Amino acid sequence: MADGSTPDMQVRTTCPYCGVGCGVVMKPDPTAPHGWRAQGDPAHPANFGRLCSKGSALGETIGPEGRLLHPVVDGRRATWDAALDRIAAGFRDTIAQYGPDSVAFYLSGQILTEDYYVANKLAKGFLGTANVDTNSRLCMASSVAGHKRAFGSDTVPGAYEDLDEADLLVLVGSNAAWCHPILWQRMQANRLRRGARIVVIDPRATATTDGIDLHLAIAPGTDALLFEGLLVHLAEAGRHDRAFVETHTNGLADAFAAAFARAGTIETVAAGTGLKAAEVATFFHLVAETERTVTLYSQGVNQSHQGVDKVAAILNVHLATGRIGRPGMGPFSLTGQPNAMGGREVGGLANQLAAHMDFTPEAIDRVGRFWGATAMAGKPGLKAVDLFQAVEAGTVRALWIMGTNPAVSLPEADRVRAALGRLDLLVVSEVIGSNDTLGAGLSGPAHVRLPAAAWGEKNGTVTNSERRISRQRPFRPLPGEARPDWWALAEVGRRLGHGQAFAFADAAAVYREHAALSAFENGGARDFDLGAHAHLDRAGYDALEPVQWPLPAGARRGRARLFDDGRFFTPDGRARFQVPGEPALAARPDADAPLLLNTGRIRDQWHTMTRTGLSPTLGRHLPEPFVEVHPADAAWFGLTDGGLARLSNRHGAAVLRVVVAPGQRRGSVFAPIHWSDDNAGQARIGALVAAVTDPISGQPESKATPVAIAPVAVGFEAVIVGRALPDRRVLDEAGALAWARTTIEDGHAVLAAFPKLAPSDWPAFAQALLGCGADDLSDAGDPAEGLYRAAHVRDGRLIAAIAMTAAPERPGWAHLKPLLGAAPLEGRARRAPLASRAAGGGPDPGSTVCACFGVGRTPIEAAIRTGCRSPEAIGATLKAGTNCGSCLPEIRKLLAAERETA
Ligand SMILES: Nc1nc2c(c(=O)[nH]1)N[C@H]1C(S)=C(S)[C@@H](COP(=O)(O)OP(=O)(O)OC[C@H]3O[C@@H](n4cnc5c(=O)[nH]c(N)nc54)[C@H](O)[C@@H]3O)O[C@H]1N2
Ligand SMILES: Nc1nc2c(c(=O)[nH]1)N[C@H]1C(S)=C(S)[C@@H](COP(=O)(O)OP(=O)(O)OC[C@H]3O[C@@H](n4cnc5c(=O)[nH]c(N)nc54)[C@H](O)[C@@H]3O)O[C@H]1N2
Ligand code: SF4
Ligand SMILES: [Mo]
């Protein structure tokens, strides 16, 4: 091959980020940062060869930087034997003294099905506790509960093909353009090719509301009312499918009566949802006229005080119209994490037993016999928020955290972090050596850190949003002493005397047992059945092609859709309509906390950034934490675009960069979830989120917490670029009001804001931050004029540089990035780090729009002004948007903005 590699060296695997579950081909490439380049797998039915910006950058995130490479016990390096002995002894002693429910596991939709299976078996079959919960509680629990109540099983009925074949796509609480980009591209393709219409229901404008048919900027928390109104309207329009309802469902009369009482007219719906009557009517009309309708929903639905009600109201509409289980129609819960579904399949949630079985006496008996269990859990365990409150209260005393960062991602995160310090035994399995959760444990009396195998090294399966199981295959050796998570769990099981139950030779053996349990005494009674894989050998496992469950014994092909036969998994085989409760916010804004805090994601970062944060390409898009504020709220609270704001309430506080955004909902602000104390100053947004949960699913309301907001006065702005990261303490001592770090080629950058400082003190300040004396620094600019730059160059190599400007100006720094990796700077080039922009006078490219080709906002705007009138034209000129397409919504937005000004 042209790149020098042989085709058979490439490895087909699955992306470790979102629930789309794209197939990835990793190809050896000596020019790539760590020797491997990611490409979309043309044969994978989720993505047919495409990858979004995060998937495309996978090769940049697999290096050795920051990895946890050996076990650590009580702060000291330890052997695996010592660490595992310590865990086994800790669990045994804790259970002996306080009983089985004093031990708990907190897992993640990012571990593999095999890891999940072994953890669940160990806890629920051999330790005797169901205190096994997962970050999926913060993510999918409301969908799971909604599915089970309506269908009798946790089933996503449809397939991605339905998104290609629908005539109407309704997205509720989903920013798919950023969070499920490849599915979003499939929906866009349907719109362009077949004329499908797209409606997005979201309180704020997002990349997903750009260029669609209808955006309903709904009042937070009122979705159930909208869908109840729709249920009524569809009856009036004669769209209820009487035959389907009569033969295959129960309870429509009650659901309809409740809907009619609350949402009987378009006017009441409009008043309750804050929408215009005309908008509501347009939406209802579209749904009534379009049989092939798919309703996709995500965290604007699930992460809600009334998440289960929102799900119920959506499912009711599909059941009433019989638009379920048929091509191009159905409700579709978009899963977040790569293995959110796998976790549900094994029973990773505290209220599930295993293989889609609940804690019924028959199921407990069945699973117990299958496992040869010595201590079966007999009742559901604690859900995530309650679990961490039990840690705080001291009733849970030993906790094993695996593949998640709860000190950042749980609501009331400050409280959670403090609670971790109270445990007798805290075990954290991690791929990286430093994050907030690992840090929290240090203050506790005991602590075990286990180095986990990361993506690219681990071996197993994940299940995506459409029930499709795909293989994650290793293509790199395990670094240091890293080991797969399932192995560590099985070793603890063995040490507790259950050698036979945990004698798995490899991941394939775990998968086989999981498949066999799903088929055990099933006979079609349970939706989840992988019987056809119960005897899969190692070679078959290695060669496994992506396949959708159910796949019972004897089946050769998976099933794209369920419920096409009108049969549900309730005792009488009928689906059940549910009656949602009265819509109400968990807490209303008041004088102390007048705004609602909405939280979510950005395009190029994944959660707490432990992996995407390693990629310079991904860091360019939005390099610092921010809060989006409506212009009227900004004016009222005295906030300026580009300034700083302090958000606070009784749970915590954060200081963030203000982005004044007309598309933001008035009275609400939006902040991303990605920043932590590991990568920023005071930007852990979870600290402000109240631990209020849906009463049925236990899922926290992460989209509507009352907060106060106030401007923070900034004296000067700085950017520090260097080979090594400046010490966090130095930034704190220097009085940083806010800072965030981002990875760049060959080093790091820190963007920071500081209080006022006398210009004469700027040079000394720069020396302190760069950690060197005046003799080692060269400088330029005049602090008195609000401009100063200093650089530390050794042997012609740039070690670090700082650029400072008086606020509100911010220093340009794009030109500093390439200097870290540049050949020794000679002669005049030595002054390059002191320039305010690149030599040759080119303009600063601005924030990156296209991550794949590193194209910034400035050149795109320039291209539009010189005649590019479409994303295609911009692509032809600058290449922007021509690879993964994740930036096309932003390019369209820039086009619209330029048209406006022209
Ligand atoms: N780039 C990127 N992609 C990701 C992830 C990531 O970290 N980064 N994480 C993955 C994971 S685990 C998940 S769970 C998914 C989440 O994917 P999404 O759910 O699409 O993402 P969010 O940004 O959490 O929230 C979606 C939208 O819900 C809206 N919303 C808030 N309140 C309401 C409401 O009351 N009603 C309605 N209708 N909408 C509301 C918010 O304004 C927001 O735009 O993304 C996955 N994909
Ligand atoms: N306010 C607010 N809070 C939220 C949300 C929100 O929208 N708003 N969203 C919620 C949702 S939907 C989710 S999914 C969570 C996500 O929140 P978290 O799960 O806490 O976030 P991650 O950064 O994905 O944490 C995964 C951790 O596992 C490590 N890791 C990666 N791979 C492996 C592995 O193979 N083995 C092991 N042992 N470790 C590994 C990573 O380094 C990282 O530290 O956040 C939730 N919290
Ligand atoms: S859409 Fe992007 S992040 Fe999600 S699986 Fe595909 S490549 Fe990965
Ligand atoms: Mo999630």
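Shown above is the structure to which this text applies.
First, a word on what this report is: a plain description of the structure on this page. Owing to the predicted nature of the structure, the values given are computational and were not obtained by experimental measurement. Counting restarts for each chain, with residues numbered from 1 along the sequence as it is written. All chains are assigned letters beginning at A, and all ligands numbers beginning at 1, according to the order in which they are written. With the structure being a predicted model, the display of local features is reserved for residues of pLDDT at least 70 and the display and counting of side-chain atom pairs for 80 or more, all residues being used for whole-chain, interface and lining totals. Values shown for side chains rest on all heavy atoms present in the structure; no hydrogens or waters enter the calculation.

1. Section: the environment of V416
Our working rule: Helical segments are the DSSP runs of H or I of at least four residues, strand segments are the runs of E of at least two, and each set is numbered from the N terminus. Burial classification: accessible surface area is computed with a 1.4 Å probe over protein chains only, and a residue below 20% of its type maximum counts as buried, one above 50% as exposed, and the rest as partly exposed. A contact between two residues is defined here by any heavy atoms of the two lying within 4.5 Å.
Along the chain, the position of V416 falls in helix α19 (residues 413-420). Classification of V416 by relative accessible area gives buried; the value is 7%. As a C-alpha pair, V416 and N464 span 48 residues in sequence and 30 Å in three-dimensional space. Residues in contact with V416, not counting those within four places in the same chain, are F388, P406, A407, L410 and P411.

2. As for the sheet that holds strand β1 (residues 11-14)
This is how the line gets drawn: By this definition, two strands are paired if DSSP reports at least two bridges between them. To get an axis, fit a line to the C-alpha atoms, keeping to the stretch in contact for a helix; angles then go from 0 to 180 degrees between the N-to-C directions.
The strand order β1-β2-β3 describes an open sheet built from three strands, whose pairing is antiparallel. Looking along the sheet, the strands with just one partner apiece sit at the ends: β1 and β3 (36-40). Strand-to-strand twist across the sheet, computed as the mean angle between neighbouring axes with direction ignored, equals 35°. Note: β1 against strand β2 (residues 23-28), four bridges, orientation antiparallel. Its bridge partner lying in β2, T14 is registered against G23.

3. Observations concerning the side chain of D604
Keep this limit in mind: Whenever two N or O atoms come within 3.5 Å, that pair is a polar contact, provided that in protein one can donate a hydrogen and the other can accept it, and provided that, for residues adjacent in sequence, both atoms are side-chain atoms.
Looking at the secondary structure, you find D604 in the loop between β21 (595-600) and α24 (616-619). Separated by 2.5 Å, the side chains of D604 and S53 make a polar contact. Polar side-chain contacts of D604 include one of 2.9 Å to the side chain of R603. Once residues within four sequence positions are removed from consideration, D604 is found in contact with S53, K54, T612, L618, H621 and A851.

4. A look at the pattern of salt bridges
As a reminder of what qualifies: By salt bridge we mean one thing: a side-chain nitrogen of Lys or Arg within 4 Å of a carboxyl oxygen of Asp or Glu.
The tally for this structure, following the rule as stated, stands at 58 salt bridges. Put simply, R495 and D81 hold a salt bridge, and the shortest N to O gap is 2.5 Å. Of this pair, R495 sits in helix α21 (residues 485-495) while D81 sits in helix α2 (residues 80-98), and the two are 414 residues apart along the sequence. We note a salt bridge from R865 to E898, for which the minimum N-O separation is 3.3 Å. Placement of the pair is R865 in helix α29 (residues 857-865) and E898 in helix α31 (residues 888-901), with a sequence separation of 33 residues. The exposure class assigned to R865 is exposed, which follows from its relative accessible area of 55%.

5. Observations concerning the site of ligand 2
The cut-off we apply is this: Neighbouring residues are identified by heavy atoms, a residue being near a molecule or strand if any of them is within 4 Å of it. Cavity means a closed set of points on a 1 Å grid over the protein atoms alone, one where a 1.4 Å probe fits but cannot get out, pocket means an open set with protein on both sides within 12 Å along at least 5 of 7 lines, and lining means a residue has an atom within 4 Å of a point. Pocket or cavity membership: a molecule qualifies when more than half of its atoms sit within 2 Å of the grid points of that site. Residue type decides the class: Asp, Glu, Lys and Arg count as charged, Ala, Val, Leu, Ile, Met, Phe, Trp, Tyr, Cys and Pro as nonpolar, and the leftover types, Gly among them, as polar. Residue ranges labeled as domains rest on an automatic or database domain assignment.
Taken together, 32 residues are adjacent to ligand 2, and Q110, S409, E430, K458 and T608 come closest. Here an oxygen atom of ligand 2 sits 2.4 Å away from a polar atom, N or O, in the side chain of K458. Here an oxygen atom of ligand 2 sits 2.5 Å away from a polar atom, N or O, in the side chain of T608. Most atoms of ligand 2, that is more than half of them, are within 2 Å of grid points of the largest cavity. Looking at the shell around ligand 2 residue by residue, the classes come out as 10 nonpolar, 16 polar and six charged. Residues lining the shell around ligand 2 come from more than one domain, with at least three contributed by each of domain 2 (72-138 + 339-520) and domain 4 (595-711).

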